[in-house]
Amino acid sequence: MIGFGLGDDGKRSSENVTVSFYKDNNMNLETKIPPPAICFICALLMYASAQVSALSGILPRFPIWLSAVLIVFGTALGVLGVWAFRRVRTTVSPFNPEETEHFVSDGVYQFSRNPMYAGMGFWLAAWVGYLAHPLPWLFLVVFAAYMTRFQIMPEERVLARKFGAEYEAYCRRVRRWL
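Everything numeric in this text was worked out from a predicted model, so none of it was measured.

Rules of the game
- Residues numbered from 1 in each chain as written.
- Predicted model: local features only at pLDDT ≥ 70, side-chain atom pairs only at ≥ 80, totals over all residues.
- Heavy atoms only, no water.
- Helix = DSSP H or I, 4+ residues; strand = E, 2+ residues; numbered from the N terminus.
- Buried < 20%, exposed > 50% of the residue type's maximum accessible area, 1.4 Å probe, protein only.
- Contact = heavy atoms within 4.5 Å.
- Phe/Tyr/Trp six-rings, centres within 6.5 Å; stacked < 30°, edge-to-face > 60°.
- Lys NZ or Arg CZ within 6 Å of the ring centre and 35° of its normal.
- Axes fitted to C-alpha atoms, helices over the stretch in contact; angles between N-to-C directions.
- Parallel < 35°, antiparallel > 145°, perpendicular 65-115°, else oblique.
- Left-handed = near helix turned anticlockwise from the far one by under 90°.
- Nonpolar A, V, L, I, M, F, W, Y, C, P; charged D, E, K, R; others polar.

Caption draft 1: How the structure looks around unusual backbone geometry. At Thr31, a residue that is not glycine, the phi angle is positive and equals roughly 55°. If you trace the backbone, Thr31 turns up in the loop between α1 (14-25) and α2 (35-52). Positive phi, close to 55°, is recorded for Ala132, a residue that is not glycine. Among the secondary structure elements, Ala132 is positioned in the loop between α4 (115-131) and α5 (136-173). The buried category is assigned to Ala132, whose relative accessible area is 11%.

Spelled out as structure tokens, the structure:
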């Protein structure tokens, strides 16, 4: 990151301006882009990478039944995740995790702390299998890394602050993805 200013000790410092810029102007990517949009962007990048690369034909296409199973499983994870939130009347919005009123740890949340995001990952895996090309697999990793860093970790910080030891024990019991 580029930036400089005067630190508390009067000396030149790159840390103060950079940190202040992101905190004050809210210019970071944490919880800013809707997860379905990230999923869609990754799907487009998967398709584009499969079209422009000379590596086609290296991998076999997934059987249609396998892609269908992945899509159904991913959809089920997402729907069950949303339903669990609706059942306890807490926000499903990924933009303001601080508005969460209830911590959900039952139902599908016994198996994954992020079933909605895992469901999107299954959709992308089905798409990658259909494309039958090695490069799109990279964007499945990009999706998981982006979601972990810019969506899941900020949500986890808020939940840990709001629900304390109960949430921390839940995190030790249940995996972040699956």
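Caption draft 2: Representation of the side chain of Glu30. Residue position: Glu30 is located in the loop between α1 and α2. Judged by its relative accessible area of 14%, Glu30 is buried. Sequence-distant contacts of Glu30, defined by excluding residues within four places in its chain, comprise Arg149, Phe150, Pro154 and Arg157.

Caption draft 3: Structural view of the packing of aromatic side chains. For the structure on display, the rule yields eleven aromatic pairs. Judged by centre distance (4.8 Å) and plane angle (80°), the rings of Phe73 and Phe122 are edge-to-face. Here Phe73 is found in helix α3 (residues 64-87), whereas its partner Phe122 is found in helix α4, with 49 residues between them in sequence. Taking 5.4 Å as the distance between ring centres and 75° as the angle between the ring planes, the aromatic pair formed by Phe103 and Tyr167 counts as edge-to-face. Here Phe103, found in the loop between α3 and α4, pairs with Tyr167, found in helix α5; they are 64 residues apart in sequence, far enough to count as distant. Every member of this aromatic cluster is reached through a ring pair, and the members are Phe103, Phe163, Tyr167 and Tyr170. The lysine or arginine in question, Arg61, covers the ring of Tyr130, its NZ or CZ lying 4.3 Å from the ring centre. Seen from the ring of Phe150, Arg149 lies directly overhead, with NZ or CZ sitting 4.6 Å from the centre.

Caption draft 4: Structural detail: the packing of α3 against α4. It is the contact of α3 with α4, at a shortest axis distance of 7 Å, that shows an interaxial angle of 165°. In terms of axis orientation, α3 runs roughly antiparallel to α4. Regarding α3 and α4, the two cross each other, and that crossing is left-handed. Where α3 abuts α4, its residues Ser67, Leu70, Ile71, Phe73, Gly74, Thr75, Leu77, Gly78, Gly81, Val82 and Phe85 lie against Pro115, Met116, Ala118, Gly119, Phe122, Trp123, Ala125, Ala126 and Tyr130. Here the residues of the contact of α3 with α4 are counted per class, giving 14 nonpolar, six polar and no charged.

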